[in-house]
Every structure is written in C-alpha cells, then in structure tokens.
Amino acid sequence: MSCIFCGADSSDETVAHIFPQSLGGGDWAVLPAGLECAKCNQYFGSKVEPLALGSFPLLPFRLMMQIPTAKGKAPKQETHLGTLRATGMPGTLGIDPPDPRVEAAITAGRITQVRLLAECTEPLATARLLLKMGIEVIARDDPTIARSGRYDDARSFARAPRNGGNWWFLITTDHERLFATFRRGVSLADWVNRVSVEICEDAGAEMCVFRLLDMTLMCPMHAHILPPDMTTLPEPNFRLVTVLA
Ligand SMILES: [Zn+2]
C-alpha cells in the first residue's frame, strides 16, 4: 500500500477521483482504495485542480454543464459583460452584477452573444492534471506498472515539477459539433457517457487521452515524446499548448 505519486503509506481510506468531482466525476470515477495517500490527494485537490478547472478549456464545460465544485460552488467566468455564472437551471446562465442596461439590451435583441476567453491561461496546472489522471488510469488497471520507474518523469511533473521543466498537450476540437451540442443542451447523464480518460498508443507514443464531448486533450505520458508537426494540424481545431514549469 504505497502512494502512486510519492511512495508514502496509502493504506488510509482516502477517496480519490480520477475524473474530478468538479467536472461531474461521481462514484464511477473513484480510484480503488490504497493507491493514493491523503496528502497527495489533498495537494492535487487544492493546488492543481482548482487552477486547471478554473480556466480554458475545462471551465467552459463546467459553466455550460452547470457543474458545481465538490463544495457546491457554482462555476463562473469573467466576460466583457460581467461575471457569467451558472444558475443551476439547465440552459440558463446569469450575469453578475445584474445590470438593467445589459438586461434591456438582451431582451431587445441587441446583445445576442457572450464571448468567452478561449486561451489556456493555466497550461501548467492543466498538464499536471492530465498527467495525474493518466497515472491514476494506469494504476487502476495495474498498480505495479503505475509505481514503476517507467512513469517517474510523468509522476514528478504532476506532483512537483522542477523549475524549467517542460511538457506539452494537444487540444483537438470539433467546434461546429461542440457548439451544436451546447445549443441542443446536454443532460448530466449524457455528459457522463461522453467523457472519458484513457491511455492510448499513438504511433508508438503513450498518451493520456481526455475526451469531453467534442473536445479531446492529449498529453504524452513520457517526457521524451515530441509534439506533433503542427503544419499538418491547423488551428483552431488543433491547438498545441507548450508548458513550462
Ligand atoms: Zn502521496
């Protein structure tokens, strides 16, 4: 019973979620007991997850799906109109602080769009969350392999990246399908069926693949895997995020 991240004793009853609760991860997303120590679980939950879940690309999903944090806080995002906030009513978002002029403009049809920042402002936390999930998926299937030296570079970047260390991940989005999905509305049951985290081999490279509706985040599980040639993967459907610790 040793922690897959730090090697400390992990025989306590820590409940760790592979798929974050603040993204809708329920009992189905819980890591088997004895794989993660309370300290690492608390560290990821307080220092890594909140940053990654509070920025693009994960924040818009929480906002559109109205998924509160594990502590019940509503997701929110700053916009040019004010703070956009989930209301708990599916299909309805609120703007804080309430502004009668904005409300009148929306009612009159003069404001029909709200622009959300689509720039990953927390690349380091997002990469670390992807690596954490990747190691947990491996540990769920085979704890011995997850604890082996094979994942030491991924483990240390997730748990305690060295200053100057670097990593990368690729965001692939089918924007038309994603916006159509959001317009149609997604039930939480549907959401759970259309999110997944798995380890895939892509041209011999081991990748953590995180699927959210029509968006996929791919993160290498080893430091030596080089990013793809982006000339064949044009923006905006493909975006390479380079990460510097
Ligand atoms: Zn630990």
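Look up a bit, the structure's there.
Fair warning: this is a prediction, and the values are worked out from it, not measured in the lab.

*Asks:* What am I meant to see in the environment of Glu78 here?
*Replies:* Turning to its location among the elements, Glu78 is positioned in strand β1 (residues 76–79). The exposure class assigned to Glu78 is exposed, which follows from the 11 C-beta atoms found within 10 Å. Considered as a pair, Glu78 and Phe5 are 73 residues apart in the sequence and their alpha carbons are 34 Å apart.

*Asks:* Just checking my understanding: could you explain the sheet that holds strand β5 (residues 195–202) for this structure?
*Replies:* Within a sheet, adjacent strands bond to each other through the backbone by hydrogen bonds, running parallel or antiparallel. Read from one edge to the other, the open sheet built from five strands follows the order β5-β6-β7-β4-β8, with strand pairing classed as antiparallel. Every interior strand has two partners, whereas the edge strands, β5 and β8 (238–244), have only one. Within the sheet, the average angular offset between the axes of one strand and its neighbour, ignoring direction, is 20°. Sheet topology places β5 next to strand β6 (residues 205–212); eight bridges connect them, and they run antiparallel. By the bridge assignment for β6, Glu198 is matched with Val209.

*Asks:* Mind showing me how you'd approach unusual backbone geometry here?
*Replies:* When glycine is set aside, most residues are seen to have a negative phi, and most peptide bonds are trans. For the bond from Phe56 to Pro57, the omega torsion is 10°, close enough to zero to count as cis. Assignment of secondary structure puts Pro57 in the loop between α1 (38–53) and α2 (58–65). Cis geometry marks the peptide bond from Asp96 to Pro97, where omega comes out at -10°. With respect to the helices and strands, Pro97 occurs in the loop between β3 (93–96) and α3 (100–107). Residues other than glycine seldom take positive phi values, yet Gln66 does so here, at roughly 55°. Within the secondary structure, Gln66 is located in the loop between α2 and β1. Residue class for Gln66 comes out partly exposed when judged on the 19 C-beta atoms lying within 10 Å of it. In this model, Leu213 sits at a positive phi of 50°, which is unusual for a non-glycine residue.

Procedures and definitions
- Residues numbered from 1 in each chain as written.
- Predicted model: local features only at pLDDT ≥ 70, side-chain atom pairs only at ≥ 80, totals over all residues.
- Helix = DSSP H or I, 4+ residues; strand = E, 2+ residues; numbered from the N terminus.
- Buried ≥ 20, exposed ≤ 12 C-beta atoms within 10 Å, placed from the backbone.
- Pairing = 2+ DSSP bridges.
- Axes fitted to C-alpha atoms, helices over the stretch in contact; angles between N-to-C directions.

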